[in-house]
Protein chains: 2
Amino acid sequence: MNKEETPKEPKEKKIHDRKIEENVIFVGSKPPMNYVTAIIAQFNSSGSDEVTLKARGNAITRAVDAAEITRNRFMTNLVVKSINIGTEAVTNEEGRTSNVSSMEICLLKKK
Amino acid sequence: MNKEETPKEPKEKKIHDRKIEENVIFVGSKPPMNYVTAIIAQFNSSGSDEVTLKARGNAITRAVDAAEITRNRFMTNLVVKSINIGTEAVTNEEGRTSNVSSMEICLLKKK
């Protein structure tokens, strides 16, 4: 038997992973301005150059609204780095699965 | 005075311009399947490799739905070539202008 301990993942790693996930904003059913402020706060607090918006179903329109309002009114140095669309399977309370469209908008801060 | 007639634009030119515009499908408030059939018909009738979906406001979600349904269920050889978002100024009946988000999805048929 090997007596060496399996090296554990250092805690810093986890914190780092969480930081990456923190640059994602999930857009839901709140008013678009809530997400605009969330985007601005994210750029200012994280120090990151990128923030990704994720949305599903009807919230897709709201994600586009939030990105456009932020870009045009508050942070004119933002560019849309990439946009991806996809389909996700969602299971409702009755156990039925249905497909819903999803979208990711990656915003990049120009230097 | 120059007796030469100013050469008129040939009619074929106009028809050609219209054909380019025909590869654009405007997504509105109809059910998504209407636009799915429109996309398929457009690819089959025009012989073009590209079809662009344009949508504004709440129809953005429907455009994503139509693109995803077409890609996953009917034409699996389609890829999303590009997605652009923007803002358009819309004037309502009372003469007030408001901004609305817009989106263009360009679908490309792989050979």
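The structure under discussion appears in the preceding block.
Bear in mind the structure is a predicted one, so any value in this text is a computation, not a measurement.

### Considerations on helix α2 (residues 32-46) of chain B
Residue and element names in this part refer to chain B. End to end, α2 covers 21 Å across 15 residues, agreeing with the expected 21 Å (1.5 Å per residue, within 8%). The complete set of buried residues in α2 reads Tyr 35, Val 36, Ile 39, Gln 42 and Phe 43. Buried positions in α2, seen along its axis, are confined to an arc of 125° and lie on one side of it. Looking at α2, the residues exposed on the side facing more than 90 degrees away from the buried face are Asn 44 and Ser 45. Gly 47 occupies a position one or two residues after α2 and carries a positive phi of about 70°.

### Regarding the relation of the copies chain A and chain B
Between chain A and chain B, which share one sequence, the superposing operator has a rotation angle of 180° and an axial displacement of 0.0 Å; the RMSD is 0.0 Å. Read as a symmetry element, the transformation amounts to a two-fold axis. Both copies share a contact surface, since 100% of the interface residues of chain A are interface residues in chain B too.

### Some details on the interface of chain A and chain B
Listed by partner, the interface residues are 19 residues for chain A and 19 residues for chain B. Between chain A and chain B the total buried area reaches about 1400 Å² when both faces are included, carbon and sulfur atoms providing 62% of it. In terms of surface lost to chain B, no three residues of chain A exceed Thr61(A), Ile83(A) and Ile85(A), which account for 40% of the buried area on that side. Here chain A and chain B share zero salt bridges between them. Our count for the chain A to chain B interface comes out at nine residue pairs in polar contact (both at pLDDT 80 or more). Put simply, the parts of the chain that give the side of chain A that touches chain B at least two residues each are α3 (59-74), β3 (78-91) and β4 (97-109) of chain A. Of the residues forming the side of chain A that touches chain B, the biggest block, eight residues, is contributed by α3(A). Here the side of chain A that touches chain B is composed, by residue class, of eight nonpolar, eight polar and three charged.

### A look at the pattern of salt bridges
All names here are of chain A. If you walk through the whole model with that rule in mind, you get eight salt bridges over all chains. Across the pair Lys 81 and Glu 50 runs a salt bridge whose closest N-O atoms are separated by 2.9 Å. Here the residue Lys 81 occupies a position in strand β3, and Glu 50 occupies one in strand β2 (residues 50-56), the gap between them amounting to 31 residues. Residue Lys 81 is classed as partly exposed on the basis of its relative accessible area of 47%.

### Some words on the pairing of β2(A)
Within a regular strand, side chains alternate between the sheet's two faces. Residues and elements named next belong to chain A. Pairing analysis gives four bridges linking strand β1 (residues 24-27) to β2, with the strands arranged parallel. Residue Val 24 lies in a different strand from β2, and its bridge partner there is Thr 52. What joins β1 to β2 is helix α2 (residues 32-46), and the crossover it makes is right-handed.

### Considering the sheet that holds strand β3 (residues 78-91) of chain B
Spatially, β1-β2-β4-β3 (chain B) is the arrangement adopted by the four strands of the open sheet, whose pairing is mixed. Both outer strands of the open sheet, β1 (24-27) and β3 of chain B, are each paired with one neighbouring strand and no more. Neighbour-to-neighbour, the strand axes of this sheet turn through a mean angle of 20°, independent of strand direction. Sheet contacts for α3(A): β3 and β4 (97-109) of chain B; angle to β3(B), the most-contacted strand, approximately 60°. α2(B) rests against β1, β2 (50-56), β3 and β4 of chain B of the sheet, and its axis sits at about 175° to β1(B).

### Considering the sheet that holds β2(A)
Ordered by their spatial adjacency, four strands build an open sheet running β1-β2-β4-β3 (chain A), and the pairing between neighbours is mixed. Across the chains shown, the open sheet's two edge strands, defined by having one partner strand only, are β1 and β3 of chain A. Between one strand axis and the next, the sheet turns through 20° on average, direction left out of account. Taken strand by strand, α2(A) contacts β1, β2, β3 and β4 of chain A, and its axis lies near 175° from that of β1(A). Lying on the sheet, helix α3 (residues 59-74) of chain B is in contact with β3 and β4 of chain A; it crosses β3(A) at an angle near 60°.

### What about the environment of Asn23(A)?
All names here are of chain A. Summarising the element assignment, Asn 23 is placed in the loop between α1 (11-22) and β1. With 60 residues separating them in the primary sequence, Asn 23 and Ile 83 have C-alpha atoms 16 Å apart. Setting aside residues no more than four positions away along its own chain, Asn 23 makes contact with Gln 42, Ser 46, Ser 48, Glu 50, Val 51 and Thr 52. Reaching out from Asn 23, the side chain makes a polar contact with the side chain of Ser 46 at a distance of 3.3 Å. For Asn 23, the side chain forms a polar contact with the side chain of Ser 48, separated by 3.3 Å.

The rules behind these values
Position labels on residues start from 1 in each chain and follow its written sequence. Each chain is given a letter, starting from A, and each ligand a number, starting from 1, according to the order in which they appear as written. Thresholds applied to this predicted model are a pLDDT of at least 70 for local features of residues and 80 or more for the giving and counting of side-chain atom pairs; totals over whole chains, interfaces and linings are not thresholded and use all residues. To obtain the side-chain values, all non-hydrogen atoms of the structure were used and water was disregarded. Strands are runs of DSSP state E lasting at least two residues, helices are runs of H or I lasting at least four, and both sets are numbered from the N terminus onward. Multiplying one less than the number of residues by 1.5 Å gives the expected span of a helix. Relative accessibility thresholds used throughout: buried, under 20% of the residue-type maximum; exposed, over 50%; partly exposed, between the two (1.4 Å probe, protein chains only). Taking the helix axis as origin, the arc is that swept by the directions to the C-beta atoms. Superposition of the copies used a least-squares fit over C-alpha atoms from residues whose pLDDT is at least 70 in both. What makes two residues a contact is simply this: any of their non-hydrogen atoms within 4.5 Å. Summed over both partners, the accessible surface that disappears when two parts come together, traced with a 1.4 Å probe, is what is meant by buried area. Any Lys or Arg side-chain nitrogen found within 4 Å of a carboxyl oxygen on Asp or Glu counts as a salt bridge. Polar contact is defined as a pair of N or O atoms within 3.5 Å, subject to the rule that within protein one atom must be able to donate a hydrogen and the other to accept it, and that residues adjacent in sequence are counted only when both atoms are side-chain atoms. In this classification, the charged set is Asp, Glu, Lys and Arg, the nonpolar set is Ala, Val, Leu, Ile, Met, Phe, Trp, Tyr, Cys and Pro, and all remaining amino acids, among them Gly, are polar. Pairing between two strands requires that DSSP report at least two bridges joining them. Consider the strands pointing away from the viewer: the crossover is right-handed when the path from the first strand over the helix to the second runs clockwise. Axis geometry follows a simple rule: fit a line to the C-alpha atoms, using only the stretch in contact for helices, then measure angles between N-to-C directions, giving values from 0 to 180 degrees.

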